[in-house]
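Given next are the chains, with one letter for each unit.
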Amino acid sequence: MLKKERFRRFIEYFTEHYPEPQTELNFSNPFELLTAVILSAQCTDKRINQITPALFARFAEPESLAAASVDEVFSYIRSVSYPNNKAKHLVGMAKAIMERFGGEIPTTLADLQSLPGVGRKTAHVILSVVYNEPTMAVDTHVFRVSHRLGLAPLTATTPLAVEKSLMAYIPKVHVPKAHHWLILHGRYICLARSPKCSICPLLDFCKYPQS
DNA sequence: ATCCCGAGGG
DNA sequence: CCCTCTGGAT
């Protein structure tokens, strides 16, 4: 099947069944989303949602987080992956926002990536979810599912290469939603270890069907 | 043993 | 390019 047809099928199915997909991270403003996404690296959204209520109650804005000790922040996030690194990143992120961006969350890719703990993937999530910009954040799910469904070539061996491949085929208006669709599919059907192919609606054109 | 919405450093 | 950080779920 031609690549263009694969994208058409993918977009067609999810447009009908998940017309308004959203992140499963709980947040109520850009600062909370940025904090949650930094914490989400190599960790399930479910776990992040368990610890963010107390974290956001204590640190409701960059100012209080910037003034906090790394040790105190660590105490709120000790049950997530890489808590030491992330505690440092969160405080550093908040300080950078206070010192260089007047307490406001940056709005460009370069400015977001200049923040401690914020790489290309996290920056794209903020741009896409907060500002609805057509940017494709490539995480472990997007990377895996794109290859399996033939939406990205196997020669695309880096997140950036997969991102460019996807962006070349997905209409801009669908990009923010496509990001969530790929994650939803990866999280609930196209699992890394034992993909649920028997219930996959896109199995007929999958390149890696498991028994 | 493997995976989860990665980033920073060498 | 590689490696490390690191806890919880399955």
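Cut-offs and rules
- Residues numbered from 1 in each chain as written.
- Chains lettered and ligands numbered in written order.
- Predicted model: local features only at pLDDT ≥ 70, side-chain atom pairs only at ≥ 80, totals over all residues.
- Heavy atoms only, no water.
- UniProt positions renumbered as here; feature names shortened; annotations may be inferred.
- Near = heavy atom within 4 Å.
- Polar contact = N/O pair within 3.5 Å; in protein donor to acceptor, adjacent residues only side chain to side chain.
- Helix = DSSP H or I, 4+ residues; strand = E, 2+ residues; numbered from the N terminus.
- Buried < 20%, exposed > 50% of the residue type's maximum accessible area, 1.4 Å probe, protein only.
- Phe/Tyr/Trp six-rings, centres within 6.5 Å; stacked < 30°, edge-to-face > 60°.

By the naming in an unreviewed UniProt entry, chain A goes by Endonuclease III and is assigned to Spirosoma rhododendri. According to UniProt, the comment filed for chain A under the heading Catalytic activity (unreviewed entry) is "2'-deoxyribonucleotide-(2'-deoxyribose 5'-phosphate)-2'-deoxyribonucleotide-DNA = a 3'-end 2'-deoxyribonucleotide-(2,3-dehydro-2,3-deoxyribose 5'-phosphate)-DNA + a 5'-end 5'-phospho-2'-deoxyribonucleoside-DNA + H(+)".

Next up on the list: the protein's contact with DNA strand B. In the vicinity of DNA strand B lie 28 residues, with Thr23, Gln42, Thr122, His141 and Arg193 positioned nearest. Between Gln42 and DNA strand B, the recorded distance is 2.7 Å, taken from a backbone N or O atom to a phosphate oxygen. Here a phosphate oxygen of DNA strand B sits 3.0 Å away from a polar atom, N or O, in the main chain of Asp45. Elements that contribute at least two residues to the surface near DNA strand B include exactly helix H8 (120-131), helix H9 (140-148) and helix H11 (175-188). By residue number, the principal contributor to the surface near DNA strand B is H8, which donates four residues.

In this structure, Gln42 takes a positive phi of about 50° despite not being glycine. For Gln42, the location among the structural elements is in the loop between helix H2 (30-39) and helix H3 (45-58). Its relative accessible area of 59% is what places Gln42 among the exposed residues.

The next thing to look at is the packing of aromatic side chains. The tally for this structure, following the rule as stated, stands at seven aromatic pairs. When the ring of Phe7 is compared with that of Tyr169, the centres are 5.0 Å apart and the planes differ by 5°; the resulting orientation is stacked. With Phe7 in helix H1 (residues 3-17) and Tyr169 in helix H10 (residues 159-169), this pair connects stretches of sequence that are 162 residues apart. We classify Tyr169 as partly exposed; its relative accessible area is 37%. For the pair Tyr13 and Phe14, a centre-to-centre distance of 5.1 Å together with 90° between the ring planes defines the contact as edge-to-face.

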